[in-house]
Number of protein chains: 2
Amino acid sequence: SIVATELRCQCLKTLPRIDFEDIQSLKVTPPGPHCTQTEVIATLKDGQEVCLDPEGPRLQKIIQKILKKAKSS
Amino acid sequence: SIVATELRCQCLKTLPRIDFEDIQSLKVTPPGPHCTQTEVIATLKDGQEVCLDPEGPRLQKIIQKILKKAKSS
């Protein structure tokens, strides 16, 4: 499925928590004409896609951890 | 193209700066078997995909701005 061109909100419910190690990639979409809310979709290593709460305190930490990994490598 | 299952690094060079308003979505991929470096790929509103520097000081601000938008809406 071509996620980038979806014309509606994709997240109906969000997962309360997620293990950093399970994340293959994270996609963050700000509000736009297709959807009035910010959406955060994680693709897991098993191929599953799950939505995360953009306001969740853990999400910010996960993103920082990913970006920090870039620095240490 | 199915970006999620690419088996190699996708970013050869990164864009030095980007306008927040041009971003349709941001995809952050931590290092993994497919690529040893963190990759940040922005899909722009015109459909173009560009790579951003994961260590860039502006990137962290852009992500915070997107997540903050979630809070204010």
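Details of the structure are given in the entry above.
Just so we're clear, the structure is a prediction, and the values are computed from it rather than from any experiment.

About the thresholds
- Residues numbered from 1 in each chain as written.
- Chains lettered and ligands numbered in written order.
- Predicted model: local features only at pLDDT ≥ 70, side-chain atom pairs only at ≥ 80, totals over all residues.
- Heavy atoms only, no water.
- Disulfide = S-S within 2.5 Å.
- Helix = DSSP H or I, 4+ residues; strand = E, 2+ residues; numbered from the N terminus.
- Buried < 20%, exposed > 50% of the residue type's maximum accessible area, 1.4 Å probe, protein only.
- Least-squares fit on C-alpha atoms with pLDDT ≥ 70 in both.
- Contact = heavy atoms within 4.5 Å.
- Pairing = 2+ DSSP bridges.
- Axes fitted to C-alpha atoms, helices over the stretch in contact; angles between N-to-C directions.
- Salt bridge = Lys/Arg side-chain N within 4 Å of Asp/Glu carboxyl O.
- Polar contact = N/O pair within 3.5 Å; in protein donor to acceptor, adjacent residues only side chain to side chain.
- Core = buried A, V, L, I, M, F, W, Y, C linked by side-chain atoms within 4.5 Å.

1. Examining the state of the cysteines
All names here are of chain A. Here the structure, examined in full by the defined rule, presents four disulfides over all chains. Note on cysteine connectivity: C9 is disulfide-linked to C35, with sulfurs 2.1 Å apart. On the S-S bond that ties C9 to C35, the torsion sits near 95°, and the link is right-handed. Of this pair, C9 sits in the segment before β1 (23-29) while C35 sits in the loop between β1 and β2 (39-44), and the two are 26 residues apart along the sequence. By relative accessible area, which is 28% here, C9 ends up partly exposed.

2. Looking at the relation of the copies chain A and chain B
Least-squares fitting of chain A to chain B yields an RMSD of 0.0 Å, with the superposition described by an axial translation of 0.0 Å and a rotation of 180°. Such a turn and shift between the copies fits a two-fold axis. Rotation axis and chain A: the residue whose C-alpha lies nearest the axis is A:K27, separated from it by 2.1 Å. Mapped onto chain B, 96% of the interface residues of chain A again fall at the interface, so both copies present the same surface.

3. Section: the sheet that holds strand β2 (residues 39-44) of chain B
Strands sit in the order β3(A)-β2(A)-β1(A)-β1(B)-β2(B)-β3(B) across an open sheet of six strands; the sheet is antiparallel. In the strand order of this sheet, the two ends are held by β3 (49-52) of chain A together with β3 (49-52) of chain B, each with one partner. With direction set aside, neighbouring strand axes in the sheet form an average angle of 25°. Relative to strand β1 (residues 23-29) of chain B, β1(A) runs antiparallel, the two being bridged by three bridges. In the sheet register, A:K27 faces β1(B), and the bridge partner there is B:K27.

4. Structural notes on the interface of chain A and chain B
Listed by partner, the interface residues are 26 residues for chain A and 25 residues for chain B. Seen at the junction of chain A and chain B, the total is zero salt bridges. The interface formed by chain A and chain B contains four residue pairs in polar contact (both at pLDDT 80 or more). The set of elements that each furnish at least two residues to the side of chain A that touches chain B consists of β1, β2 and α1 (57-72) of chain A. The element contributing the most residues to the side of chain A that touches chain B is α1(A), with nine residues.

5. Some thoughts on the nonpolar core
Most often, soluble globular proteins have nonpolar side chains that are buried together. With 30 residues, the main nonpolar core has A:I18, A:L26, A:L52, B:I18, B:L26 and B:L52 as its most contacted residues. Those elements that provide at least two residues to this core are β1, β2, β3 and α1 of chain A together with β1, β2, β3 and α1 (57-72) of chain B. With sequence-adjacent residues up to four places away left out, B:L26 is seen in contact with A:L26, A:K27, A:V28, B:V40, B:I41, B:A42, B:L52, B:L59, B:I62, B:I63 and B:I66.

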